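# Structural features, examined
So the chains spell out like this:
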Amino acid sequence: MKNNIFILNKVNKRIISQLVNIHFSALNEFNFRNWSFQDFVDLINNGSSIFYYVLNNIIVGFSVVRFNEDFTEIIIIAVDSNYQKKKIGQNILNYIIDCPYFKGCMILDVAITNTNAINFYKKFGFKKIGQRKNYYLILEGDKVGQKIDAIVMQLQIHPTTSQ
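To start, this report covers the structure provided alongside it.

### Re helix 4 (residues 115–123)
Those residues of helix 4 lying buried are Ala117, Ile118 and Tyr121. Buried residues along helix 4 cover an arc of 100° about the axis, so they all sit on one side. Among the exposed residues of helix 4, those oriented more than 90 degrees off its buried face are Asn116, Lys122 and Lys123. Those residues of helix 4 that are buried lie in contact with strand 4 (71–79), helix 3 (88–98), strand 5 (105–111) and strand 7 (147–156). Where helix 4 ends, the next residue or the one after it, glycine 125, has phi of about 100°, a positive value.

### Structural notes on the packing of aromatic side chains
The tally for this structure, following the rule as stated, stands at 11 aromatic pairs. Seen from their ring centres, phenylalanine 51 and phenylalanine 67 are 6.2 Å apart, and the 80° between their planes marks the pair as edge-to-face. Taken as a pair, phenylalanine 51 in strand 2 (residues 49–55) and phenylalanine 67 in strand 3 (residues 58–67) lie far apart in primary sequence, 16 residues in all. What makes phenylalanine 51 buried here is its relative accessible area of 1%.

The rules we used
Residues numbered from 1 in each chain as written. Predicted model: local features only at pLDDT ≥ 70, side-chain atom pairs only at ≥ 80, totals over all residues. Heavy atoms only, no water. Buried < 20%, exposed > 50% of the residue type's maximum accessible area, 1.4 Å probe, protein only. Helix = DSSP H or I, 4+ residues; strand = E, 2+ residues; numbered from the N terminus. Arc of directions from axis to C-beta. Contact = heavy atoms within 4.5 Å. Phe/Tyr/Trp six-rings, centres within 6.5 Å; stacked < 30°, edge-to-face > 60°.

If you want it as structure tokens, here you go:
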């Protein structure tokens, strides 16, 4: 399925508009701040890689990743709510793991209330390495103003030894 995944490395209004909608669809239930068009532009301009997944000519998921010298940070993996549980997130994550820029370990944060995401990452071998207190702010719903902890998770990839 790798040929369904593309990399966005410059501003494209049509694609970014779709990513904004996917972010809303995927994460709306948590009542966190929705990402704006400008958020995606800023991520691109600051060196993040955006991988997006196309199915039947429709973008249905994406990930934002920062490749650092000794670790990779997953900022987000989001799949449109209509396409979740169809291995799209799995395909995106596998693509990132196989990416030649990926080195060392992979780190991410996930809201403690997002049990689906936590279980998804655990299936890949991610382990909890810490917790960030009051990391996510709830902006809508009956819990406005409350903060949710984030779990910090890591996937340790054993480096190959040079001969």
